[in-house]
Amino acid sequence: NTTQHVTRMASMSDAWAHDYSDLSPGTTSSMSPPPVVCIAHAPAVRKTQMILHALIRKQEYSARTVAITASALRNNPADYTAFAVRRLCLTQARDTHVSNLARMLEEEFAFTGDFVEMFPKNYQLWGHRRWLADTFAISDSNGKSEEDTQQCLLDEMAFAHVAIEDDNKNYHAWSHRAYFLQKAANVLPSAAADRMFQAEMAYTARLLDVDNSNNSAWNARHLAVTLLFESATTSHDTDEAQARVDAAMASETAFALARLEVDPSNEAVWSYITDLVAPADDELARVPWRAHAAHAAAAAAATLDALASALVNKDDGKTAANALEYRLHRACQASSRAENAENAREACEDARAACKSLERVDGAMRAGLWRFRRECI
C-alpha cells in the first residue's frame, strides 16, 4: 500500500517535469530568514528547498510551485512552509478565477488522502486537510445546496473514520470529526444538524461496544450530546426545548449508567456521567441547556449516588476509588451550594471522609494527593 501511495504522489504534479532554469535558487544563506544552523541535507533535498524558496521570494504561486511543494513534502511530510505555500496557490487560483480550479481541488483532496494513509498522525497534514475542506467545500457555499454542504461535512467525517478504523484513538482524526461536527451546528438547519449529532452518538456507541474504555469515543460522544442539547434549547420554544432535553438526558444517562454497571472500574464512564448530571449552577458547567436539564439530571444523579454508595466498599480497588472520587466531587458541589452553615459543615465532613478513604483505597500512587485535598477542605 505504501508503495502505491508513493507512486501516486510521485506521478501527481511531478516537480521535475517543470522548468526552473529561470530561477536563481541561491544558497541556504539566501533564505529568509537565514537558518541559524544549516542542516546537512542530501543534495536533492537541498535543491528542492532552494527552488521552493526562490519561488516564494518571487511570489509565484503557479503549477510548478505546487509541484515543487509536493517534492518538498515527499522529503519532509511535516514541512509547514510547503503546506502554507500550497494554500497560497489554491487561494490565488480561486481569487483569479482560473479555469482548472476544480481539477486542482480534486487533486489536492486526493493528495491529502494519500498522505493521511501514509502519515496518519501528522499535525500539519490534518490542519491542511481541515483548511481545504472548510475553505473550498463548506464555507465557500457559492452555488451549493444544503444537501451539498451536508454531504461535504459527511465526507470529512468519513475521511476521519478511515484513520480511526486503523487506530481508534487517533487524536488527529477525532479532532477532525469534532471540528466538522461543530461546523454542522453553524452551517446546517437545526434538523439536519441534529441528525448528524445523533449519527455521531450512534457511531460512538458502536465503538464503545468494542472498547468501553475508549476515552476518545467518550469525548466525541460528550461533544455530540452537548451540541444536541444546545440545539434543542436554541432552536425551539421553551416547552418543546424542555421536552426534548428531558428525553435526551433520560436516554443518555440511561446509556451511561448501563455502561457503568457493566464496568464500574472504568474511569472514563464516571467522568462522562459526572459532567452529564452536573447541576445547572455548577461553576465549572454553567451553560444554558443545563437549566432545562435540571430535573432529569437530578434524577440521574440520585441513581448515580446510590450506585456509588454501593460500590465504595468493593474489593476492586479501582471501582471503589472511582466511586469515592465521585462522592468527593458531589460533596464539594454540595458544600459550595449549601444554603446554611450546618449544611456546608456536613458536606465538608463528607468530603474529608471520602479523601480519607481514598488515601487507603487509592494510596499506592496518590496518597499524598488525597491527604492534601483533605487538609484543604
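Structural data are supplied above this passage.
Only a predicted model underlies this, so the values are computations on that prediction, with no experimental measurement involved.

Criteria and thresholds
- Residues numbered from 1 in each chain as written.
- Predicted model: local features only at pLDDT ≥ 70, side-chain atom pairs only at ≥ 80, totals over all residues.
- Heavy atoms only, no water.
- Salt bridge = Lys/Arg side-chain N within 4 Å of Asp/Glu carboxyl O.
- Helix = DSSP H or I, 4+ residues; strand = E, 2+ residues; numbered from the N terminus.
- Buried < 20%, exposed > 50% of the residue type's maximum accessible area, 1.4 Å probe, protein only.
- Phe/Tyr/Trp six-rings, centres within 6.5 Å; stacked < 30°, edge-to-face > 60°.
- Core = buried A, V, L, I, M, F, W, Y, C linked by side-chain atoms within 4.5 Å.
- Contact = heavy atoms within 4.5 Å.

Participant: Sorry if this is basic, but what is going on with the pattern of salt bridges here?
Facilitator: Close approach of charged atoms allows side chains of opposite charge to pair. The full count for this structure, using the stated rule, is 23 salt bridges. With a shortest N-O distance of 2.4 Å, E349 and R345 are connected by a salt bridge. One end of the pair is E349 and the other is R345, both in helix α15 (residues 341-361) and 4 residues apart, which spans about a single turn. Judged by its relative accessible area of 39%, E349 falls in the partly exposed class. One network of salt bridges, in which partners are shared, links D22, K58, E60 and R64.

Participant: Which parts of the structure should I look at to understand the packing of aromatic side chains?
Facilitator: Given two aromatic rings, one states the distance between the centres and the angle between the planes to describe the pair. Summed over all chains, the structure comprises 10 aromatic pairs. Here the aromatic rings of W270 and Y326 are separated by 5.8 Å at their centres, their planes lie at 45 degrees, and the arrangement is tilted. In this pair, W270 is assigned in helix α12 (residues 267-276) and Y326 in helix α14 (residues 317-336), connecting sequence segments 56 residues apart. Across the pair, exposure class does not vary: W270 and Y326 are buried alike. Grouping aromatic residues by their ring pairs yields a cluster made of F83, F111, F115 and F119.

Participant: Could you clarify how one ought to interpret unusual backbone geometry in this entry?
Facilitator: Glycine aside, the phi torsion of most residues is negative, and most peptide linkages are trans. The backbone of Q59 shows a phi angle near 55 degrees, a positive value even though the residue is not glycine. Secondary-structure assignment places Q59 in the loop between α2 (43-58) and α3 (63-75). The exposure class of Q59 is exposed, given its relative accessible area of 60%. Backbone geometry places H97, a non-glycine residue, at a positive phi of 55 degrees. With respect to the helices and strands, the residue H97 is situated in the loop between α4 (80-95) and α5 (101-118). Note on H97: relative accessible area 69%, which makes it exposed.

Participant: How should the nonpolar core be read in this particular structure?
Facilitator: Among soluble globular proteins, nonpolar side chains are generally buried collectively. Counting residues in hydrophobic clusters, the biggest one holds 93 residues, and the most contacted among them are Y20, L181, F229, M249, W270 and L304. Each residue touching L304, except ones within four places of it in the same chain, is listed here: L257, L260, W270, I273, V277 and Y326. Formed by 7 residues, the second largest nonpolar core is a distinct cluster that contains L90, A93, M104 and F136.

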